[in-house]
Amino acid sequence: MSKNTHLRASGEFRHVYAHGKRYDGRLMTAFVCLNDLAYHRFGITASRKATGHAVARNRAKRLLREMFRLSSPALNALNLKYDWVFNARRSLLGGKLASPLEEFQGIIARVARDELSGLNADRK
């Protein structure tokens, strides 16, 4: 993944939180906001309150980055491109990569359904 696929500035995160749609899961919360770019971008937050000490936070961020990387075929199947912000939950640390990957595939399916119904078309 290239550097331009990462959300880095706090303003970018605030924009996704303010204008995006929230998708809650057991392992993570995803905020999704339509962007005008030719590619998807993502950002990750793993707070000390949610995940604990630094080792756990770094593991959570690694799991979420790998989940996003492995999901690129499903993301490319979406008609529109989005900014994604993932908030890790403590339960994310309890398993391997398969669980968050499966949950993220479900979130992508929900975004695709919303895309078809036109819910995300007006979100910018």
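Up top you'll find the structure we're talking about.
Peer 1: So what exactly am I meant to see when it comes to the nonpolar core here?
Peer 2: Where a protein is soluble and globular, its nonpolar side chains tend to be buried together. Core analysis: the largest hydrophobic core is formed by 25 residues, its most contacted members being Leu64, Trp84, Phe86, Phe104, Ile107 and Val111. Ranked by residue count, the leading element in this core is helix H3 (residues 54-70), at five residues. Phe13, Val16, Cys33 and Val85 belong to the second-largest nonpolar core, a separate cluster that totals six residues.

Peer 1: Just checking my understanding: could you explain the packing of H3 against helix H5 (residues 98-117) for this structure?
Peer 2: Relative orientation and spacing of two packed helices are given, respectively, by the angle between their axes and the distance between those axes. Packing of H3 against H5 brings their axes to within 9 Å, and their N-to-C directions diverge by 50°. Here H3 lies oblique to H5, going by the angle between them. Note on packing geometry: the crossing formed by H3 with H5 is right-handed. The segment H3 lies against H5, with Met67, Phe68 and Leu70 engaging Pro100, Leu101 and Phe104. Its residues assigned to classes, the contact of H3 with H5 shows six nonpolar, no polar and no charged.

Peer 1: Can you help me understand H5 in this one?
Peer 2: The periodicity of an α-helix, 3.6 residues per turn, causes residues three or four places apart in sequence to face the same way. With 20 residues, H5 extends 29 Å between its outermost C-alpha atoms, agreeing within 8% with the 28 Å of an ideal straight helix rising 1.5 Å per residue. Tucked inside the fold, the buried residues of H5 contact strand E1 (21-24), strand E2 (28-34), H3, helix H4 (72-76) and strand E4 (82-88). Looking one or two residues past H5, Gly118 carries a phi angle of roughly 85°, positive in sign.

Peer 1: Would you explain the sheet that holds E1 in this entry?
Peer 2: Backbone-to-backbone hydrogen bonds pair the strands of a sheet. The strands run either parallel or antiparallel. Sheet architecture is open: four strands sit in the order E1-E2-E4-E3, paired in mixed fashion. Of all strands in the sheet, those with a lone pairing partner are E1 and strand E3 (41-45), marking the two edges. Put simply, the sheet's adjacent strands are angled 20° from each other on average, direction ignored. Pairing geometry for E1 and E2, over four bridges, is antiparallel.

Quick notes on the rules
Residue positions are given per chain, counted from 1 along the sequence in the order it is written. Thresholds applied to this predicted model are a pLDDT of at least 70 for local features of residues and 80 or more for the giving and counting of side-chain atom pairs; totals over whole chains, interfaces and linings are not thresholded and use all residues. Derived side-chain values reflect all non-hydrogen atoms in the structure, with water molecules and hydrogen atoms excluded from consideration. Buried Ala, Val, Leu, Ile, Met, Phe, Trp, Tyr and Cys residues form a nonpolar core when they are joined through side-chain atoms within 4.5 Å. When a residue's accessible area, from a 1.4 Å probe over protein chains only, is under 20% of the maximum for its type it is buried; when over 50% it is exposed; and in between it is partly exposed. We count a stretch as a helix when DSSP gives it H or I for four or more residues in a row; a strand needs E for two or more, and each element gets its number in order from the N terminus. Axes, fitted as lines to C-alpha atoms, cover a helix only where it is in contact. Angles between the N-to-C directions of the axes lie from 0 to 180 degrees. In this scheme, roughly parallel covers angles under 35 degrees and roughly antiparallel covers those over 145, while 65 to 115 is roughly perpendicular and the rest are oblique. When the near helix sits turned anticlockwise from the far one by under a right angle, the crossing is termed left-handed; a clockwise turn instead gives a right-handed crossing. Should any heavy atoms of two residues lie within 4.5 Å, those residues are counted as being in contact. Ten residues, namely Ala, Val, Leu, Ile, Met, Phe, Trp, Tyr, Cys and Pro, are considered nonpolar, four, namely Asp, Glu, Lys and Arg, are considered charged, and the remaining ones, Gly among them, are considered polar. To estimate how far a helix should reach, multiply one less than its number of residues by 1.5 Å. Strands qualify as paired when DSSP identifies two bridges or more between them.

Remember, this is a structural readout, not a statement about activity or role.
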